[in-house]
Structures are given as C-alpha cells and as structure tokens.
Amino acid sequence: MIGEPAILTNEMVHVANQVIPEKRLRYLMGCGYPEDIIEAVGLGADLFDCVLPTRNGRTGMAFTSQGKVIIKASRYSTDRAPLDKNCGCYTCRNFSRAYLRHLFNTGEALAGRLVSYHNINFYMELMARIRNHIKKGTFRAFSRRILRKFDFRNS
Ligand SMILES: [Zn+2]
C-alpha cells in the first residue's frame, strides 16, 4: 500500500478481498488519506492503520471538514476560529488557529500534540460515519458524495 498509485492499491485490495472470506477481518496497512480509506471500505477492507493523522499533525497539517489546513501559514496569524468549525474535539473547543500557529512557530511540542489530537478525532468521526452508513445501507451514496468533496491526497 505504501507508495504505489491509488489505482494500483485499489486493484490489489479488490483482488485480496476476493480471496479473503468476507467473514474474516480485512486489514489494510498504511492506508491513510480519508479518500483512500473510503475507497478501500467500498472494496471490502475493514481495518486500517497509518501514521498520517499524527505524523501530519506533528508538522502542522490538519485534516478538516473544509479540507487540508496548514496551520503554520501566515493567513492564520490572527484567525480566532477553531481548526475545524465542525469539530467538537478538545483542540477545536479550546484553541484558535492563531494560537496553534503561535505554538508551532515558537517550537512548542504541544502544537503537534493538539493538531494530532484533532486529526485522530477527525478520523474517528469519519470511521463512525462510515459504519453508520454501512448499517443504514447508504454507504455507496455517502462514498460518492464525500469523495467529490475530499481531496487530501492531491491538495
Ligand atoms: Zn478538532
């Protein structure tokens, strides 16, 4: 999974999931961008792990409902809004974008932890939404809608 083009990964996931019985847990290692996870779920993958939420969080990149946020950008220097206005995590409830940017620019280790915390919450919420749509039988429609919106891989 790590490094090859998404189309090749999806092809491999599709082939593997034809061999692995549906009742078995289908684990996909290193699948990290939200759109990759959604596509892999659509192909039958169940379980994922990846460093992206914390590795990117430590360097100041946040996954948000509005797309990617690079918190070190100067445009956030006076931005009092939370990292993600649609997120209720500890970071978004307590810290502004300007404060997070300040923490990064002064080398505070807390900065990476707070953005990582948000990113992990973002992924947990995404997985909860995926599970709910699978249960309701609306995953395909959800997948199409969200894949039109998300472009973390290329943005
Ligand atoms: Zn948050």
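Scoring rules and cut-offs
Residues numbered from 1 in each chain as written. Predicted model: local features only at pLDDT ≥ 70, side-chain atom pairs only at ≥ 80, totals over all residues. Heavy atoms only, no water. Core = buried A, V, L, I, M, F, W, Y, C linked by side-chain atoms within 4.5 Å. Buried < 20%, exposed > 50% of the residue type's maximum accessible area, 1.4 Å probe, protein only. Helix = DSSP H or I, 4+ residues; strand = E, 2+ residues; numbered from the N terminus. Contact = heavy atoms within 4.5 Å. Expected span 1.5 Å × (residues − 1). Arc of directions from axis to C-beta. Donors = N, O, S within 2.8 Å, 3.2 Å for Na, K, Ca; no water. Tetrahedral: all angles 85-135°; square planar, octahedral: opposite > 155°, others 65-115°. Domains from an automatic or database assignment.

**Concerning the nonpolar core**
Judged by nonpolar contacts, the single largest core of 22 residues is most densely connected at Leu28, Ile37, Ile38, Phe48, Phe63, Ile130 and Phe150. Breaking this core down by element, the ones donating at least two residues are helix H2 (34-42), strand E3 (61-64), helix H6 (109-136) and helix H7 (139-149). For this core, the element with the most residues is H6, which contributes five residues. Those residues in contact with Phe48, other than ones at most four positions away along the chain, are Tyr27, Leu28, Cys31, Ile37, Ala40, Val41 and Met127. Leu83, Cys87, Leu100 and Ala111 belong to the second largest nonpolar core, which has 15 residues in total.

**A short note on helix H1 (residues 6-19)**
With 14 residues, H1 extends 20 Å from end C-alpha to end C-alpha; this agrees with the ideal 20 Å at 1.5 Å per step. Listed in full, the buried residues belonging to H1 are Thr9, Val13 and Asn17. One side of H1 carries all its buried residues, which in axial view fall inside an arc of 65°. Those residues of H1 that are exposed and angled more than 90 degrees off the buried face are Ile7, Glu11, Gln18 and Val19.

**Re the environment of Gly67**
Structurally, Gly67 can be placed in strand E4 (residues 67-70). With 82 residues separating them along the chain, Gly67 and Lys149 place their C-alpha atoms 8.3 Å apart. Those residues in contact with Gly67, other than ones at most four positions away along the chain, are Ala62 and Phe152.

**Concerning the coordination of the zinc ion**
Four donors placed tetrahedrally about a metal ideally form angles of 109.5 degrees, and six donors placed octahedrally ideally form angles of 90 or 180 degrees. Of the protein atoms, only Cys87 (SG), Cys89 (SG), Cys92 (SG) and His118 (ND1) coordinate the zinc ion, at distances of 2.1 to 2.3 Å. What the four donor atoms of the zinc ion show is an angle range of 100 to 119° at the metal, which sorts the shape as tetrahedral. We note that the donor set of the zinc ion lies within a single chain, spaced as C-x1-C-x2-C-x25-H. Note that Cys87 is positioned in the loop between E4 and helix H4 (90-94) and His118 in helix H6, a separation of 31 residues in sequence.

**What about the domain arrangement of the protein?**
Split into domains, the protein comes out as domain 1 (6-52 + 126-149) and domain 2 (57-118). For domain 1 and domain 2, the distance between their C-alpha centres works out to 27 Å.

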